[in-house]
Amino acid sequence: MEKKKLVLIGNGMAGVRCIEEILKIDRDLFDITIFGSEPHPNYNRILLSTVLQGDTSIADITMNDWEWYRTNNIRLFVGETVVQIDKEKQQLRTDKGRTVSYDELIIATGSKPFILPVHGADKKGVTAFRDIKDCEMMMEYAKTYKKAAVIGGGLLGLEAARGLLNLGMEVDVIHIFDYLMERQLDPTASKLLQRELEKQGMNFLLKKETAEIFGENRVEGVRFKDGTEIAADLVVMAVGIRPNIDLARESGIAVNRGIIVNDYLETNVPHIYAVGECAEHRGVVYGLVAPLYEQGKVLAEAICGIKTHPYEGSVVSTQLKVSGVDVFSAGEFMEGEGTSSIKVYDELRGVYKKVVVRDGKIIGAVLFGDTSEGRKLLEMIHRNEPVSDAFQLSFFQANSTTQSTVATMADADVVCGCNGVTKGAICQAIVEHGLRTVEEVRDCTNASRSCGGCRGLVAELLEYTLGETFDKQAMKETVCGCTTLSRDEVIAEIKAKKLKYVKEVMSVLGWKTEEGCSKCRPALNYYLSMLYPGEYVDELESRFVNERLHANIQADGTYSVVPRMYGGVTTAEQLRKIADVAEKYNVPMIKLTGGQRIDLLGVKKEDLPRIWAELDMPSGYAYAKALRTVKTCVGNQFCRFGTQDSTALGIEMEKKFERLNTPHKVKMAVSACPRNCAESGIKDVGIVGVDGGWEIYVGGNGGTHLRAGDLLCTVKTAEEVIEMTGAFLQYYRESANYLERTSKWVERVGLEHIREVIFAPEVRKQLLERLDQALQATKDPWKEIVEKKELQETLFTNLQAKVPVNR
Amino acid sequence: MARVEIGSATRLVERLGKCVKVGGMELALFRLSDGRIYALENRCPHKGGDLSQGIVSGEFVFCPLHDWKISIKDGKVQAPDHGCVKTYKVEIEAGKMYIQL
Ligand code: SRM
Ligand SMILES: Cc1cc2nc3c(=O)[nH]c(=O)nc-3n(C[C@H](O)[C@H](O)[C@H](O)COP(=O)(O)OP(=O)(O)OC[C@H]3O[C@@H](n4cnc5c(N)ncnc54)[C@H](O)[C@@H]3O)c2cc1C
Ligand code: SF4
Ligand code: FES
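Residues numbered from 1 in each chain as written. Chains lettered and ligands numbered in written order. Predicted model: local features only at pLDDT ≥ 70, side-chain atom pairs only at ≥ 80, totals over all residues. Heavy atoms only, no water.

J.: What should I look at first to understand the environment of A:Ala59 in this one?
T.: Residues and elements named next belong to chain A. One can find Ala-59 in the loop between α2 (48-52) and α3 (66-71). Classification of Ala-59 as partly exposed rests on a relative accessible area of 37%. Each C-alpha atom of the pair Ala-59 and Tyr-43 lies 9.4 Å from the other, and the pair is 16 residues apart in sequence. (Helix = DSSP H or I, 4+ residues; strand = E, 2+ residues; numbered from the N terminus. Buried < 20%, exposed > 50% of the residue type's maximum accessible area, 1.4 Å probe, protein only.)

J.: Help me out: how do you make sense of the side chain of A:Asp684 in this one?
T.: Residue and element names in this part refer to chain A. In this fold, Asp-684 is placed in the loop between β33 (666-671) and β34 (685-690). For Asp-684, the side chain forms a polar contact with the side chain of Arg-741, separated by 3.0 Å. Contacts of Asp-684, omitting those with residues within four sequence positions, involve Lys-665, Val-666, Lys-667, Tyr-697, Val-698, Gly-699, Gly-700, Phe-728, Arg-741 and Thr-742. (Polar contact = N/O pair within 3.5 Å; in protein donor to acceptor, adjacent residues only side chain to side chain. Contact = heavy atoms within 4.5 Å.)

J.: Please clarify how the packing of helix α12 (residues 423-433) of chain A against helix α13 (residues 438-445) of chain A should be interpreted in this entry.
T.: When two helices pack together, their arrangement is given by the angle between the helix axes and the distance between those axes. Residues and elements named next belong to chain A. The contact between α12 and α13 brings their axes to 10 Å, and the two run at 105°. Accordingly, the angle class assigned to the pair α12 and α13 is roughly perpendicular. Judged by residue contacts, Ala-425, Ile-426, Ala-429, Ile-430 and His-433 of α12 engage Val-441, Cys-444 and Thr-445 from α13. (Axes fitted to C-alpha atoms, helices over the stretch in contact; angles between N-to-C directions. Parallel < 35°, antiparallel > 145°, perpendicular 65-115°, else oblique.)

J.: Honestly, the site of ligand 2 in this entry has me stumped. Any pointers?
T.: All names here are of chain A. Close contacts around ligand 2 come from 33 residues, with Ala-14, Glu-38, Arg-130, Glu-277 and Lys-321 the closest. The separation between an oxygen atom of ligand 2 and a polar side-chain atom of Arg-45 is 2.9 Å. Interatomic distance of 2.5 Å between a side-chain N/O atom of Arg-130 and an oxygen atom of ligand 2. Protein contacts shield 91% of the accessible area of ligand 2, which totals 1000 Å² for the unbound molecule. Elements that contribute at least two residues to the shell around ligand 2 include exactly α1 (13-25), β2 (30-36), α5 (155-166) and α8 (289-303). For the shell around ligand 2, the leading source of residues is α1, giving 3 residues. (Near = heavy atom within 4 Å. Areas by Shrake-Rupley, 256 points an atom, 1.4 Å probe, with all protein chains shown as cover.)

J.: Mind showing me how you'd approach the packing of aromatic side chains here?
T.: When we look at a pair of aromatic rings, we describe it by the centre distance and by the angle of the planes. Residue and element names in this part refer to chain A. Across all of its chains, the model carries 13 aromatic pairs over all chains by this definition. Consider the rings of Tyr-286 and Tyr-311, whose centres lie 6.4 Å apart with planes at 80°: the pair is edge-to-face. Here Tyr-286, found in the loop between β20 (279-281) and α8, pairs with Tyr-311, found in the loop between α8 and β21 (317-319); they are 25 residues apart in sequence, far enough to count as distant. Residue Tyr-286 shares its accessibility class with Tyr-311, and that shared class is buried. Members of the aromatic cluster, joined through ring pairs, are Phe-728, Tyr-731, Tyr-732 and Trp-745. The lysine or arginine in question, Arg-223, covers the ring of Phe-214, its NZ or CZ lying 4.3 Å from the ring centre. Geometry around Tyr-566 places Lys-655 over its ring, the cationic atom sitting 4.8 Å from the centre. (Phe/Tyr/Trp six-rings, centres within 6.5 Å; stacked < 30°, edge-to-face > 60°. Lys NZ or Arg CZ within 6 Å of the ring centre and 35° of its normal.)

J.: Any chance you could explain unusual backbone geometry here in plain terms?
T.: A negative phi holds for most residues other than glycine; trans holds for most peptide bonds. Residues and elements named next belong to chain A. Despite not being glycine, Asn-73 shows a phi value in the positive range, around 55°. Structurally, the position occupied by Asn-73 is in the loop between α3 and β3 (75-78). Look at Asn-73 and you get exposed, because its relative accessible area is 62%. For Asn-384, which is not glycine, the phi torsion reads 60° and is therefore positive.

J.: Would you take a moment to explain α1(A) for this structure?
T.: Because the α-helix completes a turn every 3.6 residues, residues three or four places apart line up on one side. All names here are of chain A. The terminal C-alpha atoms of α1 lie 19 Å apart, and with 13 residues this matches the ideal 18 Å at 1.5 Å per residue to within 8%. For α1, the full list of buried residues reads Met-13, Ala-14, Gly-15, Val-16, Arg-17, Cys-18, Ile-19, Glu-20, Glu-21, Ile-22 and Leu-23. For α1, the secondary structure elements touched by its buried residues are β1 (4-9), β2, α3, β7 (104-107) and α8. (Expected span 1.5 Å × (residues − 1).)

J.: Would you mind going over the pattern of salt bridges with me for this structure?
T.: Any two side chains of opposite charge can pair, on the condition that their charged atoms come close. All names here are of chain A. As enumerated under the stated definition, the model contains 65 salt bridges over all chains in all. One salt bridge connects Glu-332 with Arg-358, and the closest N-O pair in it is separated by 2.9 Å. With Glu-332 in the loop between β22 (327-331) and β23 (339-346) and Arg-358 in strand β24 (residues 351-358), this pair connects stretches of sequence that are 26 residues apart. We classify Arg-358 as partly exposed; its relative accessible area is 30%. Taken together, the shared-partner salt bridges in this structure form one network comprising Lys-146, Lys-147, Glu-170 and Asp-172. (Salt bridge = Lys/Arg side-chain N within 4 Å of Asp/Glu carboxyl O.)

Right, here's the structure in full:
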């Protein structure tokens, strides 16, 4: 018998999920064709926020890869848009002129971002935040431009803003109302949220209505109705979405705000169904995946001829995917007539919780700062549960129990909100299918497959169900994709098996690739050099170009040369030498760096050794994972506020620690009073002179993730500064992940822990001994290359072609 | 077709690339761990990066500018990125390297 032809318009999250449900019911019922306007297989749109925030890559968000379509015999046309449906002939036509007929047709065209109808909205540099293309555009812009404006202070706008901050842009968020996320939060929660996001660096312009976007060729700024304006190189519009119903309307299918469907997702035209954000059910259009997936399941059954469970609407809950912010909201969260509410507001901990009650039953909730009860509340709203005394009691208790949350959940409690997967279903799948990892649970049950917010809970369930046999492997951070081992495991194995070479480590420890990759090779090279100071021979071919050639590669393939100027202090003689060299080699740019020294930019690779020889100054290591600069202020030699000789200490520190390889670059500064002119507060190690002593700050960072340093301790003498700094550095060298700056490391291991280690006199002594061993093994790399002809030959000279001979 | 001599094969160290200008073009030459020598056009399809200075792993080179992974044997850019680099045949005769253009 010939199969019935099923066509899906819209290769997105709701439509493809519905197809998956159909295949689960009967793989052989239909001959399936899918059209999608975007040039990608179905991907997880939700995770675009995570991609923009830098936690995932675009490559990792595919949900159904090309192979999936092939193995399920689905004909897929991407980059192709359906432009017409002929409901009489049961045929449709695409923008590529293709005509296809159907027996059953699903419309899942999603939504279109709403673009404000203001002048200039079509300028270059204005974008929505909806698909991969938008996301790529923003990431590209962030490389060149600095100022971003996000119009819209809802979920999407705030997630976009957080992403742009992570990409290093300054971000203004413009919102028309006087508080953020008004569709999900009440004013109290919203103000808490605003305060937290401001701390993260967002700037808010509330009660501002956009009048115009201006600029010559591309965006230069936004003007508001009140006459004020701001500058912006990138404008992201996140002011809402509109169901994508043009095709349906033009084809004569009944629409309102969305395509009107009944409880079986049927439109008014026989054999045509709609599902997802384009559909309107009982007057409601949903914009979150959980209800869309519920719809998909009902439609799959209906289309396969099983009309048992009608779709009766959903209660939705939302969470904001911004790191460091926990908010949750569900149901009817605003007090109104006939409702009362229970509230907990702990200003000190920044926790706010509210549940709204009508007729003794919970109908909505807002949580800020502590969202651990979100799932439970959503369940209670679903089940129309009355508020018990026990509930009230637990609600008022601060969430300090260390008991695992999963143990107290009921089997029917939902773990994955997006996909509606319960604790019971997950535990059963783990046992029945012998699942071992979060990924296996995801592939088997769909839990954690969408927004990923429940990954932690799924891991806890694995541990809870499997007990001892649970393999924590699955959750750990590995060195890179070439191995399943973490940094600590690799180091332990190197020590235990006394491994000595990068290749040896990879083959003995079962690397998946023969020669590793650009991530693990430099990392292993560093770990080995740290473990065997003076003995390990640095492997040139496992070094990133900058550290192999001891110069920084530029966009055009030339290099930069930054000689050391200890403590930012120079002499007429040094300056003369630099000037001479720059002139002789036609250096295109001489620049003062942000690290108080001079950069010669645009030098040809072949000229590097000669320039170093003529400069006859030590390398400034401006390219290395090592000590970069020690910035200093003038100090008490000249400054009227100076309490200490900061330049002398800075020079001493730079001479002591220069050339030391570290997991990532290390920057230091010494200021002679708390005015902090050398910016000691944002350095890996920052010293501040005070009357009678020095304060030592650690873990500061002035780069991508701005972080103020923590006060490690205050000491009396310069010797003590050197001693504490040395111990701190060595402990960092021995325990940080490769490419982990001190700011991240201090946060990960904790300042208290670092103090415990380096304040113990015996431990400190040993750390300092190992540090000295490492320091003794270093040589100035420029000098070494200048002296070694073979090294110059191997690394710096190009091959020469002989004049061609014709054959 | 032109055949160009580009110097002695011993000048190539395993897994350390070198570049050579031939006519108006620049080539990157690599000797892999198995001793074999390959040549590619020395321009990353992304933003023109100097491939000869990339980290070589197995048959792949990682562009030094933004870490694209490119096969040295056939020039194919590896997922998630797309593109292709032209490859050239290297012949070795009496210890000298020749390139077929
Ligand atoms: C030359 C200099 C800019 C300048 O003209 O002033 C510079 C230039 C570069 N910086 Fe920087 N940074 C320079 C001071 C800084 C500072 C300011 C400072 O040190 O006081 C910072 C913020 C402070 C900090 O790091 O905490 C800074 C934060 C960064 C970051 C972000 C680091 C982070 O952890 O977030 C990167 C990217 C990285 O290292 O991965 C970076 C990377 C770079 C690189 C090496 C990009 C690269 O990998 O190619 C740039 C090389 C340009 C080139 O082609 O030569 N540069 N960079 C400054 C050299 C100082 C020096 O004398 O050594
Ligand atoms: C940045 C971001 C973050 C989000 N975060 C969350 C979250 O945390 N939680 C949550 O639940 N939801 C979230 N969402 C919403 C969620 O992604 C959507 O609800 C969901 O993707 C809607 O699925 P859909 O299939 O209806 O539409 P889509 O996924 O948009 O799919 C529709 C597809 O149809 C294509 N199409 C349209 N017309 C045609 C045509 N005529 N011919 C062919 N193809 C066509 C479109 O190009 C599109 O690819 C987020 C959305 C974004 C953009
Ligand atoms: S020098 Fe630093 S701030 Fe300037 S473009 Fe390069 S990395 Fe960015
Ligand atoms: S130029 Fe090669 S990766 Fe960007």
